[in-house]
Amino acid sequence: MVKPFKYQEEAINEILNKFQTKQRVLYQLSTGGGKTFVFCFLTKKYVEIFNHKVLILCHRQELIDQTIKSMTRIGLTCEELTSKTKKLNHISNCYV
């Protein structure tokens, strides 16, 4: 299983703290810094803490595929939801 780097873990914890105080967050990271993994780990912690389902929006099929692959690598179940999706299984933590 994949684990976040130290700077990613610090960012995830800081973002969660901001969410708990209802503050708005904009997270920026350079190319190759692991933005996808940061929001995947953030999603995992959110699902574990609050036991909610999460919807992630992507504007390209490549990003959908990358996100689903990353979510699966960290242990979340997820389903692709596009205009071609006819039926959902409703067993996933995350919908992309």
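Here the structure is a predicted model, which means the values were calculated and not measured.

A. Geometry of the packing of aromatic side chains. Applying the stated rule across the entire model yields three aromatic pairs. Ring geometry for Phe5 versus Tyr7: centroids 6.0 Å apart, planes at 5°, classification stacked. Classification of Phe5 as exposed rests on a relative accessible area of 54%. When its relative accessible area of 38% is taken as the criterion, Tyr7 is described as partly exposed. Judged by centre distance (4.8 Å) and plane angle (50°), the rings of Tyr46 and Phe50 are tilted. Of the two residues, Tyr46 and Phe50 are both situated in helix 2 (residues 35-50); the distance of four residues between them amounts to about one turn of the helix. Tyr46 gets classed as partly exposed once you look at its relative accessible area, which sits at 28%. Its relative accessible area of 37% is what places Phe50 among the partly exposed residues.

B. Just unusual backbone geometry, in detail. The phi dihedral of Asn51 falls on the positive side, at around 55°, and the residue is not glycine. Looking at the element boundaries, Asn51 is found in the loop between helix 2 and strand 1 (54-55). The exposure class of Asn51 is exposed, given its relative accessible area of 68%. Its identity as a non-glycine residue notwithstanding, His90 has a phi of 60°, on the positive side. Looking at the element boundaries, His90 is found in the loop between strand 2 (78-79) and strand 3 (94-95). Using a relative accessible area of 57% as the deciding quantity, one classes His90 as exposed.

Reading the values: the criteria
Residues numbered from 1 in each chain as written. Predicted model: local features only at pLDDT ≥ 70, side-chain atom pairs only at ≥ 80, totals over all residues. Heavy atoms only, no water. Phe/Tyr/Trp six-rings, centres within 6.5 Å; stacked < 30°, edge-to-face > 60°. Buried < 20%, exposed > 50% of the residue type's maximum accessible area, 1.4 Å probe, protein only. Helix = DSSP H or I, 4+ residues; strand = E, 2+ residues; numbered from the N terminus.

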